[in-house]
Amino acid sequence: MAALEPRLRTVAVVLAGGVGQRVGLNTPKQLIKVAGRTIMEHTLSVFDAAPEIDEIVVLMTPGFTADVERLVARNGFRKVSKVLEGGATRPETTWRALQALGTRECDVLLHDAVRPLLEPRIITECVEALKVYSAVDVAIPSSDTIVVAAPGPRGEIVRDVPDRSRLRRGQTPQCFRLSVVREAYERAFADPDFDRQPPTDDCGVVLRYLPDVPIYIVPGSEHNMKVTHPVDVFIADKLFQLAAGAAPHHSAFAHRQALQGRTVVVFGGSYGIGAEVVELAGRHGAQVFPFSRSLNGVRVEDPQAVGDALDLAAKETGRIDYVVNTAGVLHMGDLGEANDATVAETVGVNYLGPVNIARAALPHLRETRGHLLLYTSSSYTRGRAGYSLYSSSKAAVVNLTQALADEWAEDGVRVNCVNPERTSTPMRVRAFGEEPAHTLLSPRAVAETSLDVLISDITGHVIDVRVDAG
C-alpha cells in the first residue's frame, strides 16, 4: 500500500477501438445512438462533468477520429485534449494512450467507451482510492453461478464450480498510477509469451507482471453495463429512459437567471398547465406570449396560424428562446365509434399541432440554441380501451420528441417531453368529472417541473411528473 498522497492530475482515457461486429454493425458501436445521443457522447459527458477529471484522451477506431472530433466540438466537451487512433488489440490501444500521456506522473482511469451508464459516484471513489493504492479495479458481485468448463467427449463439461461469494464481475474504469501501469506494459511487451495469451484487461496485465502491487476494488454498478450484443443496445436505451424520467431541479434563482429577458411562447396557454407556465415564466422575468384557440384564435392544427404567432413574438422581442406546447384534446370512446370529426381533431391537435409548432419554431430556436417542450400522457406507454386515439397520438409525440432531439442536436436545439400523471385540468374534468383532489397533480406542480426542464441542458428525454411528487 502506498502512503497517503495528495491527488495528482487525473486523466480519463476512453478506449473506443471496437467496430461493433457483435452488435451487427459495420460502424463502431461507440457511434450507435442510444436515448438521443451516441454512446460515445454519453460516456464523454460523464467524464467531462466529473470534477475529479482534469483531462480526457480518446482512443478511437482507425478511420473514425474525425467523427469523434466533431461530436466533441458539437457538445463542447472542454476536457478532451486528444483524439487518437487505437491499435489492433486492446493492449496496443492502451499502450498508445500511455505513450500519449508522456512521462509526467498522473492518475489514469482507463474506461470502455461502450459503458455509457457509468455513475459519477464510481469516478469519485476510484480517484479517492488512488490516493492510497496505485492500482484500482471496479467490480460487482456475480449474481450467477460461474462454472469452469473443460473439453468432454461430446462437448464441454463442468470441471469446477468456484465459490460464488468470492467471485466478482470486472467493469471499468480500471485506474492506475501512470508509472505503475506503464512498467507493467513494458514488462508485458518484453515477454515473448504475452501475445500468445494476453490478459483480457489492464488489471490483468498489472496482476501478471507486477504481482506485488495490490489492486483495490471499488464497488461497481449493475447499470455500468458494456454494450456488446444487439440486446445490450435495447437494454441501455431502457436504462437511460429510466434515468431520464426524473426532472432536474433548479432553484428560483436559477429560474430567474435563465429566464430573465428571454422570450417564451406557450401554445395552449389560456388555462391549465399552459396558463401556469405563462404565469411562472413571467414571474421570473421572461417575456411570455400565450396563444390558444380561446384566447386569440390560434389553432395549433393550422400551420399558418402557428407560424404567424411565432413571427409576432419574434418581431416584438427580437428572439424566441423557449417554445412550449400544452394544447391537447381528450376524446373518450372506442375507435369504431369515433366519427371523422373526432379523428381529425384528435390527430390535428395532439399530433399535427406539435409537428406544426416544431417546423415553425426551428428557425427561431436555431438562432438562440433554444428549447422546445412538448407534453405526452402516462397512457402513451400502453394503449387503453376507450383511449386508442388519445393514447396513440400521445405516443407519437414521444417518438417525435426523441427524433427531433437527434435531428436538431447539430443546431444546439433541445427537445424534451413532459409526461404528467393525472392532472387536474379543465380537459380532464370535462372527460371524467370531479375526482378526489389527492389523486391528481396540480397544474402548478407540472408547470414548475416544466420550467426545470426548460432551463436544463438535457434533450431527448421524457420527464415523468408523478402524483406522489406533486
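Residues numbered from 1 in each chain as written. Predicted model: local features only at pLDDT ≥ 70, side-chain atom pairs only at ≥ 80, totals over all residues. Heavy atoms only, no water.

1. Re a nonpolar patch on the surface
Inference 1: A cluster of nonpolar residues, V147, V158 and V161, forms a patch on the protein surface that exposes about 250 Å² of accessible area.
Inference 2: In this structure, V147 sits in the loop between β7 (135-141) and β8 (148-152).
Inference 3: Look at V147 and you get partly exposed, because its relative accessible area is 45%. (Patch = residues over 30% accessible without salt bridge, like charges linked within 9 Å, V, L, I, M, F, W, Y side chains within 5 Å. Areas by Shrake-Rupley, 256 points an atom, 1.4 Å probe, with all protein chains shown as cover. Salt bridge = Lys/Arg side-chain N within 4 Å of Asp/Glu carboxyl O. Helix = DSSP H or I, 4+ residues; strand = E, 2+ residues; numbered from the N terminus. Buried < 20%, exposed > 50% of the residue type's maximum accessible area, 1.4 Å probe, protein only.)

2. Description of helix α13 (residues 388-407)
Inference 1: Its 20 residues place the ends of α13 28 Å apart at the C-alpha level, agreeing with the 28 Å of an ideal helix rising 1.5 Å per residue.
Inference 2: Three or more residues of α13 are buried, namely L389, Y390, S391, S393, K394, V397, V398, L400, T401, L404 and A405. (Expected span 1.5 Å × (residues − 1).)

3. Description of the environment of M60
Inference 1: Tracing the sequence through the fold places M60 in strand β4 (residues 55-60).
Inference 2: For M60, a relative accessible area of 0% translates into the label buried.
Inference 3: Placed 20 residues apart in sequence, M60 and M40 show a C-alpha to C-alpha distance of 10.0 Å.
Inference 4: In this view, M60 contacts A16, P28, Q30, L31, M40, T65, V68, L84, E85 and G86; residues no more than four positions away in its chain are not counted. (Contact = heavy atoms within 4.5 Å.)

4. Here we look at unusual backbone geometry
Inference 1: With an omega of 15 degrees, the peptide bond running from T172 to P173 counts as cis.
Inference 2: A positive phi angle is found at R369, which is not glycine, with a value near 50 degrees.
Inference 3: Considering the arrangement of structural elements, one finds R369 in the loop between α12 (340-368) and β15 (371-375).

5. So, the nonpolar core
Inference 1: Within the largest apolar cluster, 35 residues are counted, with the highest numbers of intra-cluster contacts made by V265, F267, L310, I320, V323, L372 and W408.
Inference 2: Listed by contribution, the elements that provide at least two residues to this core are β12 (263-267), β13 (287-291), α11 (303-317), α12, β15, α13 and β16 (414-420).
Inference 3: Filtering out sequence-adjacent residues up to four positions away, L372 remains in contact with V323, I357, A358, L365, L404, W408, R414, V415 and N416.
Inference 4: Within the second largest apolar cluster, 33 residues are counted, among which are A16, L44, F47 and A129. (Core = buried A, V, L, I, M, F, W, Y, C linked by side-chain atoms within 4.5 Å.)

6. Overview of the side chain of T342
Inference 1: Structurally, T342 is set in helix α12.
Inference 2: When near neighbours in sequence (up to four residues on either side) are disregarded, T342 contacts H331 and L389.

7. What to know about the sheet that holds β13
Inference 1: If you trace the six strands from one edge of the open sheet to the other, you get β13-β12-β14-β15-β16-β17, paired in parallel fashion. The sheet is open, and its two edges are formed by β13 and β17 (462-465), each paired on a single side. Across the sheet, the mean angle from the axis of one strand to that of its neighbour is 20 degrees, orientation sign disregarded.
Inference 2: Relative to β17, β16 runs parallel, the two sharing four bridges. Within the sheet, the bridge partner assigned to V418 lies in β17 and is I463.
Inference 3: Against the sheet, α11 engages β12, β13 and β14 (322-325), with an angle of about 160 degrees to β12.
Inference 4: Most of the contacts of α12 go to β14, to which it runs at about 175 degrees, and overall it touches β12, β14 and β15. (Pairing = 2+ DSSP bridges. Axes fitted to C-alpha atoms, helices over the stretch in contact; angles between N-to-C directions.)

8. A few points about the pattern of salt bridges
Inference 1: If you walk through the whole model with that rule in mind, you get 25 salt bridges.
Inference 2: Here D112 and R90 are joined by a salt bridge, their closest N and O atoms 2.9 Å apart. Here D112 is found in strand β6 (residues 107-112), whereas its partner R90 is found in helix α3 (residues 90-100), with 22 residues between them in sequence.
Inference 3: D112 gets classed as buried once you look at its relative accessible area, which sits at 6%.
Inference 4: The class for R90 is partly exposed, based on a relative accessible area of 24%.
Inference 5: Among the salt bridges present, the one from E301 reaches R299, with a minimum N-O distance of 3.2 Å.
Inference 6: Taking the relative accessible area as the measure of exposure, E301 reaches 25% and is therefore partly exposed.
Inference 7: Taking relative accessible area as the criterion, R299 reaches 36% and is therefore assigned partly exposed.
Inference 8: Connected via shared salt-bridge partners are R90, D112, R115 and D202.

9. Quick notes on the sheet that holds β4
Inference 1: The sheet built from seven strands is open, its strands ordered β5-β4-β1-β6-β10-β7-β11 with mixed pairing. In the strand order of this sheet, the two ends are held by β5 (80-85) and β11 (216-219), each with one partner. The sheet shows a mean angle of 25 degrees between the axes of neighbouring strands, taken without regard to direction.
Inference 2: Judged from the six bridges that link them, strand β1 (residues 10-16) and β4 form a sheet pairing that is parallel.

10. Considering helix α6 (residues 202-209)
Inference 1: Where burial is concerned, most of α6 is hidden: six out of the eight residues are buried.
Inference 2: Those residues of α6 lying buried are D202, C203, G204, V205, V206 and Y209.
Inference 3: Contacts from the buried residues of α6 go to β1, α3, β6, β7, β10 (168-177) and α5 (178-190).
Inference 4: Where α6 begins, the side chain of D201 points an oxygen toward the backbone nitrogen of C203, at a separation of 3.5 Å. (Polar contact = N/O pair within 3.5 Å; in protein donor to acceptor, adjacent residues only side chain to side chain.)

11. Some details on the environment of K238
Inference 1: Inspection of the secondary structure puts K238 in helix α7 (residues 230-244).
Inference 2: Put simply, K238 and V34 are 204 residues apart on the chain and 9.0 Å apart in space, counted from C-alpha to C-alpha.

12. Things to note about empty space enclosed by the protein
Inference 1: Within this structure, the stated rule accounts for one cavity of 30 Å³ or more.
Inference 2: Of the voids in this model, the largest cavity is the one considered here, and its volume is about 40 Å³.
Inference 3: Lining the largest cavity, in full, are N325, T326, A327, V349, N350, P354, Y375, K394 and V397.
Inference 4: Elements supplying a minimum of two residues to the lining of the largest cavity: α12 and α13.
Inference 5: With three residues, α12 is the single largest residue contributor to the lining of the largest cavity.
Inference 6: Across the lining of the largest cavity, the residue classes tally to five nonpolar, three polar and one charged. (1 Å grid on protein atoms, 1.4 Å probe; cavity = no way out; pocket = protein on both sides within 12 Å on 5 of 7 lines; lining within 4 Å. Points joined across faces, edges and corners; volume = space filled by probe spheres on them. Nonpolar A, V, L, I, M, F, W, Y, C, P; charged D, E, K, R; others polar.)

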